[in-house]
Amino acid sequence: QVQLVESGGGLVQAGGSLRLSCAASGSISSINFMGWYRQAPGKQRDMVAAFSSGGRTNYADSVKGRFTISRDNAKNTVYLQMNSLKPEDTAVYYCYADVYTTYYSTFSTYWGQGTQVTVSS
């Protein structure tokens, strides 16, 4: 089995910063893509930032210039540095990883349990 555990969420004032972490563990052979989504109350889950093929990064337009995604392959961990936070960034943030396990002999997508980020005005 594979587990993704997020940390770093919390309450912050507008203009502040937070750093989210997501560590993958378990029967991992390799990890391909990793990234972050978020879901605000009553809204769909949307991509925030992600690594795509070739190590390129993609960002939602609403967070470009404010959020930075990074990755430590040795630790199977992905990070999301969030600066200049706005009240509209308030959401539950979920990480995901595209993981190859020898048990299934294929890549499968796994999700974390989510971490709440609340930005007060």
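Residues numbered from 1 in each chain as written. Predicted model: local features only at pLDDT ≥ 70, side-chain atom pairs only at ≥ 80, totals over all residues. Heavy atoms only, no water.

1. Re the overall build of the protein chain
Reasoning step 1: The number of helices and strands found in the protein chain is zero helices and eleven strands.
Reasoning step 2: Counting helices and strands in the order they occur from the N terminus, the protein chain gives β-β-β-β-β-β-β-β-β-β-β.
Reasoning step 3: The C-alpha radius of gyration of the protein chain comes to 14 Å, within 12% of the 14 Å expected for a compact globule of 121 residues.
Reasoning step 4: With respect to the three principal axes, the spread of C-alpha positions in the protein chain is 45 × 25 × 25 Å.
Reasoning step 5: Each of the 121 residues in the protein chain was classed as buried or not, and the buried ones make up 39%.
Reasoning step 6: A separation of at least 24 residues holds for 57% of the contacts in the protein chain among residues at least 6 apart in sequence. (Helix = DSSP H or I, 4+ residues; strand = E, 2+ residues; numbered from the N terminus. Rg over C-alpha atoms; globule rule 2.2 N^0.38 Å. Buried < 20%, exposed > 50% of the residue type's maximum accessible area, 1.4 Å probe, protein only. Contact = heavy atoms within 4.5 Å.)

2. Quick word on the pattern of salt bridges
Reasoning step 1: Going through the model one piece at a time under the given rule, you end up with three salt bridges.
Reasoning step 2: Here D89 and R66 are joined by a salt bridge, their closest N and O atoms 2.8 Å apart. On the criterion of sequence distance, the pair formed by D89 in the loop between β8 (77–82) and β9 (91–101) and R66 in the loop between β6 (57–59) and β7 (67–72) is long-range, its members being 23 residues apart.
Reasoning step 3: Shared partners join several salt bridges into a network, and the residues in it are R38, R66 and D89. (Salt bridge = Lys/Arg side-chain N within 4 Å of Asp/Glu carboxyl O.)

3. Digging into the state of the cysteines
A covalent bond bridging the sulfur atoms of two cysteines is what the word disulfide describes.
Reasoning step 1: Under the definition given, this model contains one disulfide.
Reasoning step 2: Covalently, C22 is tied to C95 through a disulfide, its sulfur atoms 1.9 Å apart. Because the torsion about its S-S bond is 50°, the bridge between C22 and C95 counts as right-handed. Taken together, the positions of C22 in strand β3 (residues 18–26) and C95 in strand β9 put the pair 73 residues apart, joining distant regions of the chain. (Disulfide = S-S within 2.5 Å.)

4. Notes on the sheet that holds β8
Reasoning step 1: Sheet architecture is open: four strands sit in the order β1-β3-β8-β7, paired in antiparallel fashion. With partners counted over all chains shown, the strands left at the sheet margins are β1 (2–7) and β7, one partner each. Looking at each pair of strands side by side, their axes are set apart by 15° on average, direction ignored.
Reasoning step 2: When β3 meets β8, the two strands line up antiparallel, connected through six bridges. When the bridges of β8 are listed, A23 appears paired with T77. (Pairing = 2+ DSSP bridges. Axes fitted to C-alpha atoms, helices over the stretch in contact; angles between N-to-C directions.)

5. Observations regarding the side chain of D98
Reasoning step 1: Structurally, D98 can be placed in strand β9.
Reasoning step 2: For the buried residue D98, which engages in no salt bridge, the nearest side chain bearing the opposite charge is R71, 8.9 Å off.
Reasoning step 3: Other than its neighbours up to four places away in sequence, D98 contacts S30, I31, N32, F33, F107, S108 and T109. (Lys, Arg positive; Asp, Glu negative; His and termini not counted.)

6. A few points about unusual backbone geometry
Reasoning step 1: One non-glycine residue, S84, adopts positive backbone phi at about 50°.
Reasoning step 2: Take S84: it is sitting in the loop between β8 and β9.
Reasoning step 3: At S105, a position not held by glycine, the phi torsion is positive, near 55°.
Reasoning step 4: Locating S105 in the fold gives a position in the loop between β9 and β10 (106–111).

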